[in-house]
Structures are given as structure tokens and as C-alpha cells.
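Read off the chains here:
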Amino acid sequence: MIRQHKKMLVFTSIVTLLPIVIGLLLWKQLPDSVATHFGADNQPNGYSSKVFAVFGLPFILLMIHFICVVVTNIDPKEKNISKKVFQVVLWICPLVSLVVCNMIYVYNLGYQLNTGVIGGVLIGALYLILGNFIPKIKPNYSIGFRVPWALCDSENWYHTHRFGGKCMVIGGIVLIATSPFQNVWILLVLAIIPCILPVIYSYLYYRKVID
């Protein structure tokens, strides 16, 4: 699958590293100690060197990008992963890199940002995208709700991912709609629920079948 998407992999890797170029353009304006982590009160509670903020974060995301691609490519059921789903995998880290790194730059240039709102919108948008693709995913070991009882039963997998897609879409809408009122803890709860419900549904479906 990597061979088929070699050009796209190169392009998405460049996009992931694009914040380095932006950081170099803003280098003289950025402080030596850059706020890179924020608490529930939307205030910075973690700082990094300017070198790490500009170079380290994009490279870490690039490594995660490569790991996601490789894991997907070596999946024993790789043929069940459609090209469209693989393209979604290719674009997750580049978009996160652009949003997160530029958010850090903007904040450290003196502009006030609500990280809860940005986080809610970013995760909500990701859930909306995934919610439209998840119902179409066939059984595999890399993407989806990969619980044992779903992997061993194609019907369980199908119904779990149909239900999971709805959970993701509803969860995405809720995350975006409530983002102005969120803090980190509310964001975590709203982000976790759409991931847990399909697992519970899958197990209940499994118990119903064996009973």
C-alpha cells in the first residue's frame, strides 16, 4: 500500500514538517522559553525550548506519522483497508501538526487562544470524518474497534462499526457544539465516550449471539 501512495506519503510528510518553516520565519519573535502545554484553566503549565518547539514537535509527529503508515501497511488483513481509509490515516498527523504547532506559535506571540475550543473543534472534526468512514471498514488489525469478539465475527464487526460510525458523528457534533464551554476534563470525557460505547455494544452483541 505504501508503494501505491508513495507520492502522497512524501507530500503529507512535507506538510507535517511545514511548521518548521513557519517557526523559522517567526524565530526572532518567539520567546526562548515556549509554552507548549496547557492546563484545564487554559493557562500554560509546561514550557519547552524554542528549538524543541520549532523542530522537535513536528519531527515527533512525523515519526508518529510513519509509525501509523507502517503499522497499517504490515497489517495481515491490509487488503481489507480501502484506499480512502488509508488516505485518512495519511492526513491525520499532518493536520494535527499544522493546527497544534501554529496554535503554539500564535499563543507565544502574545495572542490569547482558548485551547479547549481549538481542541474540541479539532477532535470533533476528526470524529466527523472518521464517523463517515468507519462503517465501511472491513475487519483488520489496524483501524477500527479491534476487539476480539468483533475480529472473530464478521457480523459483529459490521454492526459494531455501523453503530460506532453513528457514535463518532454524534460525538463530533457534540464536541464542536460545546467547544466554547469546555475545559480539558470535559473534552476528555466527550472524546472517550464515542470510543467506549461501540466496544460495549460489540460485547453485548457477542453475548447475545453465544446465548
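So, here is what we can say about the structure in this document. Since the structure is predicted, the reported quantities are computational estimates derived from the model, not experimental observations.

Turning our eyes to something else, we now look at the overall build of the protein. Secondary structure assignment for the protein yields seven helices and two strands. Moving toward the C terminus, one meets the helices and strands of the protein in the order α-β-β-α-α-α-α-α-α. Judged by the C-alpha coordinates and their principal axes, the protein covers about 65 × 45 × 20 Å. Expressed as a percentage of its 211 residues, the buried residues of the protein come to 40%. Carbon and sulfur atoms make up 69% of the accessible area of the protein, which amounts to about 11900 Å² in all. Across the protein, the mean location of the 16 positive side-chain charges is 11 Å away from that of the 7 negative side-chain charges.

The next thing to look at is the packing of helix H4 (residues 115-133) against helix H7 (residues 184-210). Viewed as axis vectors pointing N to C, H4 and H7 meet at an angle of 10 degrees, and their least axial separation amounts to 10 Å. Of the possible angle classes, the one that applies to H4 and H7 is roughly parallel. Of the residues in H7, those in contact with Gly119, Gly120, Ile123 and Tyr127 of H4 are Leu187, Ala191, Pro194 and Cys195. Here the contact of H4 with H7 is composed, by residue class, of six nonpolar, two polar and no charged.

Rules used throughout
- Residues numbered from 1 in each chain as written.
- Predicted model: local features only at pLDDT ≥ 70, side-chain atom pairs only at ≥ 80, totals over all residues.
- Heavy atoms only, no water.
- Helix = DSSP H or I, 4+ residues; strand = E, 2+ residues; numbered from the N terminus.
- Buried < 20%, exposed > 50% of the residue type's maximum accessible area, 1.4 Å probe, protein only.
- Areas by Shrake-Rupley, 256 points an atom, 1.4 Å probe, with all protein chains shown as cover.
- Lys, Arg positive; Asp, Glu negative; His and termini not counted.
- Charge placed at Lys NZ, Arg CZ, Asp CG, Glu CD.
- Axes fitted to C-alpha atoms, helices over the stretch in contact; angles between N-to-C directions.
- Parallel < 35°, antiparallel > 145°, perpendicular 65-115°, else oblique.
- Contact = heavy atoms within 4.5 Å.
- Nonpolar A, V, L, I, M, F, W, Y, C, P; charged D, E, K, R; others polar.

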